[in-house]
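Breakdown of the fold
These are the residues of each chain, in order.
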Amino acid sequence: MEDRNALDELVFIKKVIEDSKRTVAENGVGYIVWGILVFVGLLVSYLSNIFDYRFNSFLVWLSLMGFGWLTTLWSVWKKKGKAVKTFGTRLLSAVWLSAGVAMMIIGFVATASGMVRGFAVSPLIAIVLGVAYFLSGQIYGSTWVKVLALGWWIGGIAMLFIVSITQVLVMAFMMLFFQVVPGFIFYFNSKKSVVVE
Amino acid sequence: MDEKYAVDELQFIKKIIEDSKRNLVYNGREHIGWGLLISFALIVDYLNYFFGWNFHFLLYWGIVVALGWLFSYYSSQQRKKENCPKTFAGKMMGTIWLGTGIGMTLVGFVGITSGAIPGTSISALLSVFLGSAFLISGYLHSEKWMKYLSIGWWLGAVIMFFYPGVHTVFIMAFMLLFLQVLPGVYFYKKFKKETELQ
């Protein structure tokens, strides 16, 4: 009888541990929002170049990125006190915060200094995103997220050799397939797990 | 049957708990090794420029970086021998530096070979990557001062972007010594103290 009781306790402990693993579960909204914002920015850049329509691209990117950061800050503020802060979620925030700062420095500061030309920005950002996905994959314990990193790195290498406007289109579609689509996968998975619970 | 089931459950629980252990036993070897190697290589690179030795840039840095990766491999084998517990934090630490290393290798080698990235901006770009790695490591080690090191790396990158030139070699070497080797020495001393206590 005591053996049976001990076993029940063990099964309970196992369940609690398995449940706590879900706290790193991602709803994908951040991936979708940022992915769509960058996709729009890239598409606008591409079309304006194709149709020779001149505008201040720096201002467009600043507005899009500003909107992205505001949305992120709003979502952090909304979750404050409600979401469980685990070691995993804190690490994940650090990964994306550091990647965000790195991309901002490359996109705005490096280009403003003239040390990084426009055509080098997308490949560099793809390489930074590769690192971020590689680390996120480790945190989620997910192989397919790590494989996305490989996609970003291969795309980054390819774009280093494409010195034409086509590069912008390649980056736009990479954003769609390697960021927005995975974002939706996260989103539907999180919805499914909520329904199951 | 119940006993076998209970043992399986216990093993599963033990694995998860070990896997999610936060405490990270780190001896700082990689920080010191890579930091000294690259600082030394940067100084030699500067002398190459100053005295006109005409090293083949890619070959030279290829050998230096290969030596660094060999050192990392040796270090990981040593860790296996030392029977360091494989915790989630430990695995994460390896992933941070592996991912950052791949990113920096791609920027440094493929970027320059393709002609898309000028050699003069490499130090600044690598500092951006290192800043990111230090910020995440700061969270991993739960060391606030380590998070602040990332600001040092990023500020250094901004300075190097706006004031390019051969002197950036010295800025980078100086940053490696103070923002990488010194923290490595701190971890080494901490590790020694902890192992002596045990």
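Residues numbered from 1 in each chain as written. Chains lettered and ligands numbered in written order. Predicted model: local features only at pLDDT ≥ 70, side-chain atom pairs only at ≥ 80, totals over all residues.

1. Describing the overall build of chain A
When its secondary structure is counted, chain A shows seven helices and zero strands. Counting from the amino terminus, helix and strand elements in chain A follow one another as α-α-α-α-α-α-α. Across the 197 residues in chain A, those meeting the buried criterion constitute 32%. Across chain A, the fraction of contacts at a sequence separation of at least 24, relative to all contacts at a separation of at least 6, is 72%. (Helix = DSSP H or I, 4+ residues; strand = E, 2+ residues; numbered from the N terminus. Buried ≥ 20, exposed ≤ 12 C-beta atoms within 10 Å, placed from the backbone. Contact = placed C-beta atoms within 7 Å.)

2. Some thoughts on the overall build of chain B
In terms of helices and strands, chain B carries seven helices and zero strands. Taken from N to C terminus, the helices and strands of chain B fall in the order α-α-α-α-α-α-α. Buried residues in chain B amount to 34% of all 198 residues. Residue pairs in contact within chain B that sit at least 24 positions apart in sequence constitute 75% of those at least 6 positions apart.

3. Considering the interface of chain A and chain B
With 41 residues of chain A at the contact, the number on the chain B side is 43 residues. When contributions to the side of chain A that touches chain B are tallied by element, the ones reaching two or more residues are helix H1 (2-21), helix H4 (87-113), helix H5 (118-140) and helix H6 (143-160) of chain A. No other element matches the 15 residues that H4(A) contributes to the side of chain A that touches chain B. Here the residues of the side of chain A that touches chain B are counted per class, giving 33 nonpolar, five polar and three charged. (Nonpolar A, V, L, I, M, F, W, Y, C, P; charged D, E, K, R; others polar.)

4. Considerations on unusual backbone geometry
Residues and elements named next belong to chain B. The phi dihedral of Asn54 falls on the positive side, at around 55°, and the residue is not glycine. Tracing the sequence through the fold places Asn54 in the loop between helix H2 (29-51) and helix H3 (57-81). Not every positive phi belongs to a glycine, and Ser142 is a case in point at roughly 55°. Mapped onto the secondary structure, Ser142 falls in the loop between helix H5 (122-141) and helix H6 (144-162).

5. A short note on the nonpolar core
By size, the foremost hydrophobic cluster in this structure holds 83 residues, and its most contacted members are A:Leu91, A:Ile106, A:Leu124, A:Val128, B:Val128 and B:Ile136. Among the elements that take part in this core, H5(A) stands out by supplying 14 residues, more than any other. (Core = buried A, V, L, I, M, F, W, Y, C linked by C-beta atoms within 7 Å.)

6. Observations concerning H2(B)
Taking 1.5 Å of rise per residue, 23 residues should cover 33 Å, and H2(B) covers 33 Å from first to last C-alpha, within 8% of that figure. Three or more residues of H2(B) are buried, namely B:Glu30, B:His31, B:Trp34, B:Gly35, B:Ile38, B:Ser39, B:Ala41, B:Leu42 and B:Asp45. (Expected span 1.5 Å × (residues − 1).)

7. Here we look at the packing of H5(A) against H6(A)
Residues and elements named next belong to chain A. Orientation of H5 relative to H6, taken along the N-to-C sense of each, is 170°, at an axis distance of 7 Å. With respect to H6, the axis of H5 lies roughly antiparallel. Across the interface between the two elements, Ser122, Pro123, Ala126, Ile127, Leu129, Gly130, Tyr133, Phe134, Ser136, Gly137 and Tyr140 of H5 pack against Thr143, Val145, Lys146, Leu148, Ala149, Trp152, Trp153, Gly155, Gly156, Met159 and Leu160 of H6. Residue composition of the contact of H5 with H6, by class: 14 nonpolar, seven polar and one charged. (Axes fitted to C-alpha atoms, helices over the stretch in contact; angles between N-to-C directions. Parallel < 35°, antiparallel > 145°, perpendicular 65-115°, else oblique.)

8. A closer look at helix H3 (residues 57-79) of chain A
If you check H3(A), its first and last C-alpha atoms are 33 Å apart, about what 23 residues at 1.5 Å a residue would give, namely 33 Å. Sparse coverage of H3(A) is indicated by the burial of one of its 23 residues.

9. A look at the environment of A:Val163
Residues and elements named next belong to chain A. With respect to the secondary-structure elements, Val163 resides in the loop between H6 and helix H7 (166-196). Exposure remark for Val163: the 14 C-beta atoms within 10 Å place this residue in the partly exposed category. Sequence separation of Val163 and Trp144 is 19 residues, and the distance between their C-alpha atoms is 30 Å.

10. Brief notes about the environment of A:Phe67
Mapped onto the secondary structure, A:Phe67 falls in helix H3. Considered as a pair, A:Phe67 and A:Leu10 are 57 residues apart in the sequence and their alpha carbons are 48 Å apart.

11. Remarks on the environment of B:Ile151
All names here are of chain B. Of note, Ile151 is situated in helix H6. Judged by local crowding, Ile151 falls into the partly exposed class, with 14 C-beta atoms found within 10 Å. Counting along the chain gives 107 residues from Ile151 to Val44, while the straight-line C-alpha distance between them is 27 Å.

12. Details of the confidence of the model for chain A
Averaged over every residue, the pLDDT of chain A is 86; residues scoring 70 or more account for 84%. Across chain A, the element-wise mean pLDDT spans from 63 in H1(A) up to 96 in H6(A). (pLDDT = per-residue confidence, 0-100.)

13. Here we look at the packing of helix H4 (residues 88-114) of chain B against H5(B)
Residue and element names in this part refer to chain B. Orientation of H4 relative to H5, taken along the N-to-C sense of each, is 170°, at an axis distance of 10 Å. In terms of orientation, H4 and H5 fall into the roughly antiparallel class. Judged by residue contacts, Ala89, Met92, Met93, Ile96, Trp97, Thr100, Gly103, Met104, Val107, Gly108 and Ile112 of H4 engage Ile122, Leu125, Leu126, Phe129, Ser132, Ala133, Ile136, Ser137 and Leu140 from H5. Taken together, the residues that form the contact of H4 with H5 break down as 15 nonpolar, five polar and no charged.

14. Quick word on the confidence of the model for chain B
Of all residues in chain B, 87% have pLDDT values of 70 or greater, and the mean over the chain is 86. Taken together, the chains of this predicted complex give a pTM of 0.85 and an interface ipTM of 0.85.

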